[in-house]
Amino acid sequence: SKELGGNQFNFYVTEMNQRTERRMLLESKLRDALSKQAFTLCYQPKWNTQSLRIAGVEALIRWFDPEEGFISPAEFIPLAEDCGLIGEIDDWVARQACRDILSLYEGAEPELSLAVNLSPALFVNEDVYRRIAGTLEQTGFPAHKLELEVTETLVVSEVASVHEQLSKIRQLGVEIAIDDFGVAYSSLSRLKQLPLNTLKIDRSFIQDIGSDQDDEVIVRTIIDMAHNLNLKVVAEGVETEQQYQFVKRHHCNLVQGYLFSKPVPLAELARLLQQQSCS
Ligand code: C2E
Ligand code: CA
Ligand code: CA
Ligand code: CA
């Protein structure tokens, strides 16, 4: 058994080394990708449940590495946060997305609202306002058509200046959405304090509509609570007709998910919008 323990130990060490190696490899690839502008963007529409029209899109980053293939943002965004590259990445995403959407409208005011994800890590250095103001200035994108998605972890974070930073961003006219809502247990009083516009219900609750009554109660409760706080509600990760009918019946404002569309390249988004304006 002593020997077995030893083997197990070696196994863990090997696994740890492999993970460290992967991280180091990805970190150097990430720096390289940034300098070579090797990222692209996809856009996932959000549909208004009343008008059944596309009301907005969310920009999602994509990274294709010639050796590794597609690397998921779920893997490299946390890494970018750890090694201090997230600011540059999120700045690039916001700038590129603003330019992309403006190009669809040939410089005229976009009918869509554009959401970009913003890492909560950026709030620690208190320069989020400057970054966003800079993006608007550089691109000429109308502030009231821009929305920032920040995860619920920011709401519960200890960073003292979060309220002030969000307020300054709101004063620009930019909207704030709380992403992945329901998993970080933020308190109602904290939610009420912050200058928010939208809650996005986490996919994990939407997934179990139809099979888990507890989750149905949670979804209904979040929608009611959000509306009482004058917030719009988005259901993310809607994959089935049943899930859609449920959130629509409970007056969820917007839906997003594979049932309607996966995240698509800009040209494909342009086609979706074209189809819509013809129907
Ligand atoms: P998120 O912001 O919660 O984005 C939703 C994720 O769910 C996206 O994954 C999207 O492709 C996926 N999704 C959308 N509809 C469905 C559905 O119906 N079913 C399922 N199973 N999945 C669906 P993606 O693009 O891989 O992004 C993963 C996460 O990485 C995002 O979660 C976000 O937290 C982060 N991320 C992506 N792009 C950026 C970025 O530009 N900046 C930052 N800071 N984070 C980003
Ligand atoms: Ca998001
Ligand atoms: Ca989300
Ligand atoms: Ca999520």
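Residues numbered from 1 in each chain as written. Chains lettered and ligands numbered in written order. Predicted model: local features only at pLDDT ≥ 70, side-chain atom pairs only at ≥ 80, totals over all residues. Heavy atoms only, no water.

The name recorded for the protein chain in an unreviewed UniProt entry is Diguanylate cyclase (GGDEF) domain-containing protein, from Marinobacterium maritimum.

## Considering the environment of Leu266
The criterion, for reference: A run of H or I in DSSP becomes a helix once it reaches four residues, and a run of E becomes a strand once it reaches two; helices and strands are each numbered from the N terminus. Note on contacts: a residue pair qualifies if any of its non-hydrogen atoms lie within 4.5 Å across the two residues.
With respect to the helices, strands and loops of the structure, Leu266 is situated in helix H11 (residues 266-278). Along the primary structure Leu266 and Gly87 are separated by 179 residues, whereas in three dimensions their C-alpha atoms are 23 Å apart. For Leu266, the residues in contact, after removing those within four places along its chain, are Tyr43, Asp100, Ile101, Ser103 and Leu104.

## Quick look at the nonpolar core
The criterion, for reference: Among buried residues, those of type Ala, Val, Leu, Ile, Met, Phe, Trp, Tyr and Cys that are joined through side-chain atoms within 4.5 Å constitute a nonpolar core. Burial status follows relative accessibility: with a 1.4 Å probe on protein chains alone, a residue under 20% of its type maximum counts as buried, one over 50% as exposed, and anything between as partly exposed.
In this structure, Phe39, Tyr43, Leu114 and Leu146 are the most contacted members of the largest nonpolar core, which totals 79 residues. Here this core gets 9 residues from one element, more than from any other, and that element is helix H3 (residues 86-104). If we ignore the near neighbours within four places in the chain, the residues touching Leu146 are Cys98, Leu114, Val116, Ile132, Leu136, Phe141, Val174 and Glu175.

## So, the pairing of strand S5 (residues 146-151)
For clarity, the cut-off: Two strands qualify as a pair provided DSSP detects at least 2 bridges between them. Orient the strands so they point away from the viewer, and a crossover whose first-strand-to-second-strand path over the helix runs clockwise is right-handed.
The buried fraction of S5 amounts to 5 of the 6 residues, a majority that puts the element mostly inside the structure. By the bridge criterion, 4 bridges tie strand S4 (residues 113-117) to S5 in an arrangement that is parallel. Across the sheet, Val116 pairs through a bridge with Leu148, a residue of S5. This β-α-β element, S4 to helix H4 (residues 128-139) to S5, shows right-handed connectivity. The sheet contact formed by S5 and strand S6 (residues 175-181) spans 5 bridges and is parallel. Among the inter-strand pairings, Glu147 is bridged to a residue of S6, identified as Glu175.

## A closer look at the coordination of the calcium ion (ligand 2)
Octahedral six-donor coordination of a metal ideally yields angles of 90 or 180 degrees, compared with 109.5 degrees for tetrahedral four-donor coordination. We count it as follows: Each metal site is built from N, O and S donor atoms within 2.8 Å (3.2 Å for Na, K and Ca), and since water is not included, such sites may look incomplete.
Distances from the calcium ion (ligand 2) to its protein donors, namely Glu58 (OE), Asn117 (OD1), Glu149 (OE) and Asp179 (OD), fall within the range 2.2 to 2.3 Å. The class for Asn117 is partly exposed, based on a relative accessible area of 24%. Using a relative accessible area of 6% as the deciding quantity, one classes Asp179 as buried.

## Some thoughts on the packing of aromatic side chains
Using the following cut-off: Between the rings of Phe, Tyr and Trp (Trp by its six-membered ring), a pair exists once the centres lie within 6.5 Å; its type follows the angle of the planes, with under 30 degrees stacked, over 60 edge-to-face, and the other angles tilted.
Overall, the coordinates contain 7 aromatic pairs when judged by the stated rule. Their ring planes at 65° and their centres at 5.0 Å tell us that Phe64 and Phe70 sit as a pair that is edge-to-face. On the numbers, 5.1 Å between centres and 80° between planes, the contact of Tyr244 with Phe260 is edge-to-face. Of this pair, Tyr244 sits in helix H10 (residues 241-249) while Phe260 sits in the loop between strand S9 (254-255) and H11, and the two are 16 residues apart along the sequence.

## Quick word on the site of ligand 1
Put simply, the rule is: Whether a residue is near a molecule or strand is decided by its heavy atoms; if any one of them lies within 4 Å of it, the residue is near. N or O atoms within 3.5 Å of each other form a polar contact, as long as, within protein, one can give a hydrogen and the other can take it, and as long as residues adjacent in sequence are counted only when both atoms are side-chain atoms. Note on areas: these come from Shrake-Rupley sampling with a 1.4 Å probe, and a residue is covered only by the protein chains present in the view.
Taken together, 21 residues lie around ligand 1, and Arg62, Asp90, Arg203, Glu239 and Tyr258 are the ones closest in. A distance of 3.0 Å is found between a nitrogen atom of ligand 1 and a side-chain nitrogen or oxygen belonging to Gln44. Within the side chain of Glu239, an N or O atom sits 2.5 Å from a nitrogen atom of ligand 1. In isolation ligand 1 has 800 Å² of accessible area, and contact with the protein removes 84% of it. Counting residues per element, the ones that place at least two in the shell around ligand 1 are strand S2 (54-65), helix H2 (73-82), H3 and S6. Looking at the shell around ligand 1, the element that brings in the most residues is S2, giving 4 residues.

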